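In case you want the letters, here they are:
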Amino acid sequence: MDLTNSDGIITVLCGLAILVGIVGVIVPVLPGLLLCWVAVLAWAVLVDAGWGRWLVLAVVTAVALAGTVVKYAWPGRNLKRTGVPNRSLITGGLLGLVGFFVIPVVGLFIGFLLGLWLAERIRLGGWKQAWPSTRNALKAVGLSILIELAAGLTIGTVWVVGLLTT
């Protein structure tokens, strides 16, 4: 790859942005899937890679949208099935938002779990009764991360295949 031309530089920068996006899925400081998708969008718009770049962008867009929908729907459905009410989830979300700014990197997860546990403790009357809901929320958070990670890795793979074939 000739890095003296702008296409090569843009391609390398987009690849780095995709890697940062994948890391952003695991370390929730950056919007991982969005960053991966924007990197592929920039590559498709800025690099002269033929008509195949638009096909790559279309596939990546479908993967990003599906990953985003599934990462919220599947774990949320599992939480609903276990009986966790919306009020507890909203409390967890609000404390997660506070935790995001108070504790770098892991504050979102800690705040969400603490908020959900406190809401369930108040609702159910004790910490032992609240623990199953909190454990289910922890599983849901893990499942959400895995779904988003799979979508991010798929985006990266589709981009590399598109890069090699266009």
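Our structure's up above, just so we're on the same page.
This report concerns the structure included in the present document. (Residues numbered from 1 in each chain as written. Predicted model: local features only at pLDDT ≥ 70, side-chain atom pairs only at ≥ 80, totals over all residues. Heavy atoms only, no water.)

**Observations regarding the environment of Ser-88**
- The topology assignment puts Ser-88 in helix H4 (residues 86–102).
- Through-space distance from the C-alpha of Ser-88 to that of Val-158 is 38 Å; in sequence the pair is 70 residues apart.
- Those residues in contact with Ser-88, other than ones at most four positions away along the chain, are Leu-116, Ala-119, Glu-120 and Arg-123. (Helix = DSSP H or I, 4+ residues; strand = E, 2+ residues; numbered from the N terminus. Contact = heavy atoms within 4.5 Å.)

**Observations concerning H4**
- Its 17 residues place the ends of H4 24 Å apart at the C-alpha level, agreeing with the 24 Å of an ideal helix rising 1.5 Å per residue.
- Lining the buried residues of H4 we find helix H3 (52–81) and helix H5 (107–124). (Expected span 1.5 Å × (residues − 1).)

**Considerations on the side chain of Thr-134**
- Within the fold, Thr-134 resides in helix H6 (residues 127–165).
- Judged by relative accessible area, which is 6%, Thr-134 ranks as buried.
- Setting aside residues up to four positions removed in sequence, Thr-134 forms contacts with Leu-113, Leu-116 and Trp-117. (Buried < 20%, exposed > 50% of the residue type's maximum accessible area, 1.4 Å probe, protein only.)

**Quick notes on the packing of aromatic side chains**
- All chains considered together, the criterion is met by two aromatic pairs.
- Here the aromatic rings of Phe-100 and Phe-101 are separated by 5.1 Å at their centres, their planes lie at 85°, and the arrangement is edge-to-face.
- Given a relative accessible area of 65%, Phe-101 falls into the exposed group. (Phe/Tyr/Trp six-rings, centres within 6.5 Å; stacked < 30°, edge-to-face > 60°.)

**Quick notes on a nonpolar patch on the surface**
- Taken together, the side chains of Val-20, Val-29, Leu-30, Val-98, Val-102, Ile-103, Val-105, Val-106 and Ile-110 make up a nonpolar region of the molecular surface, amounting to roughly 710 Å² of accessible area.
- Here Val-106 is to be found in the loop between H4 and H5. (Patch = residues over 30% accessible without salt bridge, like charges linked within 9 Å, V, L, I, M, F, W, Y side chains within 5 Å. Areas by Shrake-Rupley, 256 points an atom, 1.4 Å probe, with all protein chains shown as cover. Salt bridge = Lys/Arg side-chain N within 4 Å of Asp/Glu carboxyl O.)

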